[in-house]
Structures are given as C-alpha cells and as structure tokens.
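# Per-entry structural report
Read off the chains here:
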Amino acid sequence: MNTLPPPDPLLLPVRDPRARHLVLDYADMHGLIADLVLPSDASMYVMSAMETSRELIRHSYYRYEFATVAVTHSLFALEHVLAERLGTNEPLHVLIERATDAGLITAGLAVELDRSRLLRDKLTQGAESSAALRPLRAVEMVRAVFDAVSLLLHPASVAEATAADVGGAQPEGGLAGLWEAHLRALFPDGFRGVDFDGVDLVLLDADVAGLVQRELKNGLDDSGIAYLWNCIAALDKIVPLINEEYCASYFARLRTMAQVAAAPYIPTAI
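These notes cover the structure that comes with them.

What counts, and where the lines are drawn
- Residues numbered from 1 in each chain as written.
- Predicted model: local features only at pLDDT ≥ 70, side-chain atom pairs only at ≥ 80, totals over all residues.
- Heavy atoms only, no water.
- Axes fitted to C-alpha atoms, helices over the stretch in contact; angles between N-to-C directions.
- Helix = DSSP H or I, 4+ residues; strand = E, 2+ residues; numbered from the N terminus.
- Parallel < 35°, antiparallel > 145°, perpendicular 65-115°, else oblique.
- Left-handed = near helix turned anticlockwise from the far one by under 90°.
- Contact = heavy atoms within 4.5 Å.
- Nonpolar A, V, L, I, M, F, W, Y, C, P; charged D, E, K, R; others polar.

The next point concerns the packing of helix α2 (residues 44-58) against helix α3 (residues 66-86). Viewed as axis vectors pointing N to C, α2 and α3 meet at an angle of 165 degrees, and their least axial separation amounts to 8 Å. With respect to α3, the axis of α2 lies roughly antiparallel. Seen from above, α2 lies across α3 with left-handed handedness. Seen from α2, the contacting residues are Y45, V46, A49, M50, T52, S53, L56 and I57; seen from α3, they are F66, A67, V69, A70, H73, S74, F76, A77, H80 and V81. By residue class, the composition of the contact of α2 with α3 is 13 nonpolar, 5 polar and no charged.

Before going further, it helps to spend a moment on the packing of α2 against helix α6 (residues 135-153). Contact geometry of α2 with α6 gives a least axis separation of 10 Å together with a crossing angle of 160 degrees. With respect to α6, the element α2 is oriented roughly antiparallel. Considering how the two elements wind past one another, α2 and α6 form a crossing that is left-handed. Contacts between α2 and α6 pair V46, M50, S53, R54 and I57 from the former with A138, V139, V142, F146 and V149 from the latter. Taken together, the residues of the contact of α2 with α6 break down into 8 nonpolar, 1 polar and 1 charged.

Right, dumping it as structure tokens:
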C-alpha cells in the first residue's frame, strides 16, 4: 500500500510582483518584443541565441531576472556575427570598435552594444546582479543587438544606418512617429539644470525638439541642418556619460530622433 501523500497538482507560473507595472497580463508581453524580428538568413546558432533572448524577455513576466539574462545571452549572437564578418576572433569590445571604425555599425549603436558588454562583465565580476535591468530597458538593449546583427548581415547605406541608430530601427511613421513618442515621454526627473561636460540637458532637449518640428513642417535650411548636426555631436558626447538608466534611454532616443531628422541631409552635410 502506498502511504506517500499524493503529489501536488501542477503549479502554474505566476507573475513576478516586480513586473506588476509592466503589462496587464502575459499576453501583453508580445507587444514589447513584437519588433524583435529574427533575420531569416542568419546561422542556426545566431537564430537560436537571438530567439532565446527574445523569449527570455517575454518570460520576465514570470521571472524578473530573465530580462537581464536576455541581454547577456544576446551577446553570443552579436559576438559570433562580428567575428565572422570581421574575420577575426578578438574580445567583444575590440570587435565592436573594429566594426564601428569600418563603418559596419554606427557610433551610437556601438555605445549601446558596449553598455550590454559592460553589464555582462559586471555580472561576471559579481558587481551586478541578475536583477540589474528592468524589462523595458532590456528590450532596448536587445533591440540594439538585433539591429547590429541586421546591419552586419545586410550592410546598409549611410543614411539607413544612421536612421537605425541607438533605440532600434525607425518605427512605422518615421520621424513623425518618433516625435509623437517623444512628446509622450517625461523629461528625466532630477536632471533639470544638470549639464554633462558643459552640455545643458534641458537646452539640448529643447533645441532638438525645435529642429525636429521645423523639419516636420517645412524642412530645414542650411543653418538648421548645421545646428542639428551640432546637437547630434553633443548627444554623441553626453549619452555615454549618463549613468542613470531612464535618463540615458531618454537621450539615446532623442539622439535617434535627431539622426533620423538629419538622415536626408547626410550627402550635403558631409
């Protein structure tokens, strides 16, 4: 006679309480990763790593730490594609630098990729935990890897590459869509009146916004184009210096919007 107690019924996963403000239910996680599209002509190894990264973000609804793991796992695909494209096996930070110098990826995209690489190193050293990232931030970082892999497999023109800089590929609606999203975003709390390396964040935000509005209405004249490129240069300088997550992502998106606005003028701006 079996005297052991009956086994517990199968326990269904429950939402991680830290994800309670993320989405209403698990089905809504699909919307967060919908634009993380796998490149159809990548190797099976790269496809597997990228798909696993995407699904880890989806399942961070149940286990918050999966978001951070998704970013570090995506670097397997990035490192593999970089090494194959460049024909050399070197540390990831060197591969990113080489790809940037060769014009295979943009400088802004390289900054975001290096953030992921630094996070991986900190996890290895025990300086960060697997709960380091919110899922929304993880989506942005994994999207940068997806964009980089796409550029490496399908080299784009300069204008196309610039439009696909940090923050991901240009969304449906182009510059107008980016502008609408920017209007909905809150300026980073606690950063009014703050400057990085002599660049006032509020003024830079306002300058880019004004130039984008002019581009959407009537297009930019020569002085506006030059001013916009000065703003992009300022953003390239300050984004790597910002160590607060939301503020860094806010100004990375601002830079993407500025670069998309400037992309039509690249041939005459060089």
